[in-house]
Amino acid sequence: MLLKVAKERISEAILTSSCEAIRMVPRETLEVIIGDLEEGVAIGMGSAATLGPTYRDRYESIKEFREGSFGWSGFFDALSEAKESVGVLAVRGGGWRIILLVNESADSVIGSLVRPPSRADWPEGASET
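A brief look at the structure comes next. (Residues numbered from 1 in each chain as written. Predicted model: local features only at pLDDT ≥ 70, side-chain atom pairs only at ≥ 80, totals over all residues. Heavy atoms only, no water.)

Focus on the pairing of strand E3 (residues 85-93)
Condition: By the convention used here, strands pair only if DSSP detects at least 2 bridges between them. Put simply, DSSP marks the helices as runs of H or I at least four residues long and the strands as runs of E at least two long, and each gets a number from the N terminus on.
Note: strand E2 (residues 40-47) against E3, four bridges, orientation antiparallel. What sits directly across from Gly46, in E3, is Val86. Sheet topology places E3 next to strand E4 (residues 96-102); seven bridges connect them, and they run antiparallel. Its bridge partner being in E4, Val91 is matched across the sheet by Ile98. Hairpin connection from E3 to E4: two residues lie between these consecutive antiparallel strands, with Gly94 at a positive phi of about 60°.

What follows is the structure, given as structure tokens:
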């Protein structure tokens, strides 16, 4: 199922997120990503119980996916704690790629997987996320 939300709602969710991986992305990069969003943002909605095993399988079977992104522990924690549907949205800008996990109303980023342009761009402490 797709949920279409206003750019302002998801922008606010990104900028105010308490998600550790998102907070490690430079603010300027987040603003570039937000600037590139469409006015109506389509978010894929689904069950956290279904998405968890899907992302766990990707994590375990695709080395480049696993090692190229940070935020895994927070992402899996958010999926296991979610009691409702969650949304998944991929965004990019400035060479950064981010998979956002949002709550059912898409007004809060509850987890994220962040892939910087290169390993040299990894923020300090990102490997622990």
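Observations regarding the side chain of Lys7
The cut-off we apply is this: Residues are treated as being in contact if the distance between any of their heavy atoms lies within 4.5 Å.
Turning to its location among the elements, Lys7 is positioned in helix H1 (residues 7-15). Apart from residues lying up to four places away in sequence, Lys7 is in contact with Ile34, Gly35, Leu37, Glu38, Glu39 and Val41.

Comments concerning the packing of helix H4 (residues 48-61) against helix H6 (residues 72-81)
Rules: Here an axis means a line fitted to C-alpha atoms, over the contact stretch when the element is a helix, while the angle between two N-to-C directions is reported on a 0 to 180 degree scale. Here is the rule for angles: anything less than 35 degrees is roughly parallel, anything more than 145 is roughly antiparallel, 65 through 115 is roughly perpendicular, and the remaining ranges are oblique. Left-handed describes a crossing whose near helix is turned anticlockwise from the far helix through less than a right angle; right-handed describes the clockwise counterpart. Note that Gly is not counted as nonpolar here; it falls among the polar residues with everything else outside the nonpolar set of Ala, Val, Leu, Ile, Met, Phe, Trp, Tyr, Cys and Pro and the charged set of Asp, Glu, Lys and Arg.
Viewed as axis vectors pointing N to C, H4 and H6 meet at an angle of 155°, and their least axial separation amounts to 9 Å. Classed by the angle they form, the pair H4 and H6 counts as roughly antiparallel. As H4 packs across H6, the resulting crossing turns out to be left-handed. When H4 is examined against H6, the residues Ala48, Leu51, Gly52, Tyr55, Arg56 and Tyr59 are found in contact with a partner set consisting of Trp72, Phe75, Phe76 and Leu79. Of the residues in the contact of H4 with H6, the class split is eight nonpolar, one polar and one charged.

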